[in-house]
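Examining the three-dimensional arrangement
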Amino acid sequence: QVQLVESGGGLVQTGGSLRLSCTASGSIFSIPAMAWSRQAPGKQRELVAAISSGGTTKYADSVKGRFTISRDNAKNTVYLQMNSLKPEDTAVYYCNAKIVSFETPRPSDYWGQGTQITVSS
């Protein structure tokens, strides 16, 4: 059974920083891609940042220059360093990974439980 566990959410003031972590565990063969998405109240979930197993990254325009995604392949962990936070970054942040498990030979999508980020003005 594969699962993703997130940590690092909380309340921060405008201009502050937070770091999210997400660790995948279980019967994992490989993790081709990991990503962070967010969903604000009344809005659709949006992709914030993604990273391949080789380290190729992409970001939403709204976070470029402020957020940095990274991963530790040995630990099956992805990080999201968030700097210069704004009130509009307030949302529930979800970790997502495409994982090939020993039971399922094709990549499948897995999601974390979500962690709340609140940026106060």
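These lines cover the structure that appears in this document, whether it is placed above or below. (Residues numbered from 1 in each chain as written. Predicted model: local features only at pLDDT ≥ 70, side-chain atom pairs only at ≥ 80, totals over all residues. Heavy atoms only, no water.)

1. With respect to the state of the cysteines
Rules: Any pair of cysteine sulfurs within 2.5 Å is marked as a disulfide. Numbered from the N terminus, helices here are DSSP runs of H or I no shorter than four residues, and strands are runs of E no shorter than two.
This structure, assessed with the given rule, holds 1 disulfide. In this model cysteine 22 forms its disulfide with cysteine 95; the gap between the sulfur atoms is 2.1 Å. Here cysteine 22 and cysteine 95 share a disulfide; its torsion about the S-S bond, -80°, makes the bridge left-handed. Of this pair, cysteine 22 sits in strand S3 (residues 18-25) while cysteine 95 sits in strand S9 (residues 91-101); the two residues are 73 residues apart in sequence, bridging distant segments of the chain.

2. Details of unusual backbone geometry
With the exception of glycine, most residues fall at negative phi, and the peptide bonds are largely trans. The residue asparagine 76 is not glycine, and still its phi comes out positive at about 50°. With respect to the helices, strands and loops of the structure, asparagine 76 is situated in the loop between strand S7 (67-72) and strand S8 (77-82). The phi dihedral of serine 84 is positive, around 50°, even though this residue is not glycine. Mapped onto the elements, serine 84 comes out in the loop between S8 and S9.

3. Overview of the nonpolar core
To keep things clear, this is the line we draw: Put simply, buried Ala, Val, Leu, Ile, Met, Phe, Trp, Tyr and Cys residues joined by side-chain atoms within 4.5 Å make one nonpolar core. The classification of residues rests on relative accessible area computed with a 1.4 Å probe and restricted to protein chains. Under 20% of the type maximum is buried, over 50% is exposed, and intermediate values are partly exposed. Note on contacts: a residue pair is in contact if any heavy atoms of the two residues lie within 4.5 Å.
Trp36, Leu80, Met82 and Tyr93 are the most contacted members of the largest nonpolar core, which has 30 residues in total. Looking at this core, the elements that each hand over two or more residues are S3, strand S4 (28-39), strand S5 (46-52), S7, S8, S9 and strand S11 (115-120). Ignoring any residue separated from it by four or fewer positions in sequence, one finds tyrosine 93 in contact with Glu6, Leu20, Ser37, Arg38, Val48, Phe67, Leu80, Met82, Gly114, Thr115 and Ile117.

4. Quick notes on the side chain of asparagine 96
How we decide: Within 3.5 Å is the distance limit for a polar contact, defined as a pair of N or O atoms, with the added protein rule that one can donate a hydrogen and the other accept it, and that residues adjacent in sequence qualify only through two side-chain atoms.
Structurally, asparagine 96 can be placed in strand S9. Polar side-chain contacts of asparagine 96 include one of 3.0 Å to the backbone oxygen of tyrosine 110. In this structure, asparagine 96 is in contact with Leu4, Ala33, Met34, Ala35, Asp109, Tyr110 and Trp111, ignoring residues within four places of it in sequence.

5. Examining the pattern of salt bridges
Applied cut-off: When a carboxyl oxygen of Asp or Glu lies within 4 Å of a side-chain nitrogen of Lys or Arg, that pair is called a salt bridge.
According to the stated counting rule, one finds 5 salt bridges in the structure shown. For lysine 98, the salt bridge identified is with aspartate 109, shortest N-O distance 3.2 Å. Separated by 11 residues along the polypeptide, lysine 98 in strand S9 and aspartate 109 in strand S10 (residues 108-111) bring together distant segments of the chain. Among the ionic contacts, a cluster of salt bridges with common partners joins Arg38, Glu46, Arg66 and Asp89.

6. Looking at the sheet that holds strand S1 (residues 3-7)
What counts, and what does not: At least two bridges found by DSSP between two strands is the condition for calling them paired. With axes taken as lines fitted to C-alpha atoms, and helix axes fitted only over the stretch in contact, angles between N-to-C directions fall between 0 and 180 degrees.
In space, the 4 strands of this open sheet follow the order S1-S3-S8-S7, with antiparallel pairing throughout. Taken across any chain shown, the strands that pair with only one partner, and hence form the sheet edges, are S1 and S7. Across the sheet, the mean angle from the axis of one strand to that of its neighbour is 15°, orientation sign disregarded. Inspection of the sheet shows S1 paired to S3 by 5 bridges, in the antiparallel sense. Paired with serine 7 across the strands is serine 21, a residue of S3.

7. Topic: the environment of glycine 16
By the element assignment, glycine 16 lies in the loop between strand S2 (10-13) and S3. In this structure, glycine 16 is in contact with Met82, Asn83, Ser84 and Leu85, ignoring residues within four places of it in sequence.

Purely spatial values, then, with no claim about function.
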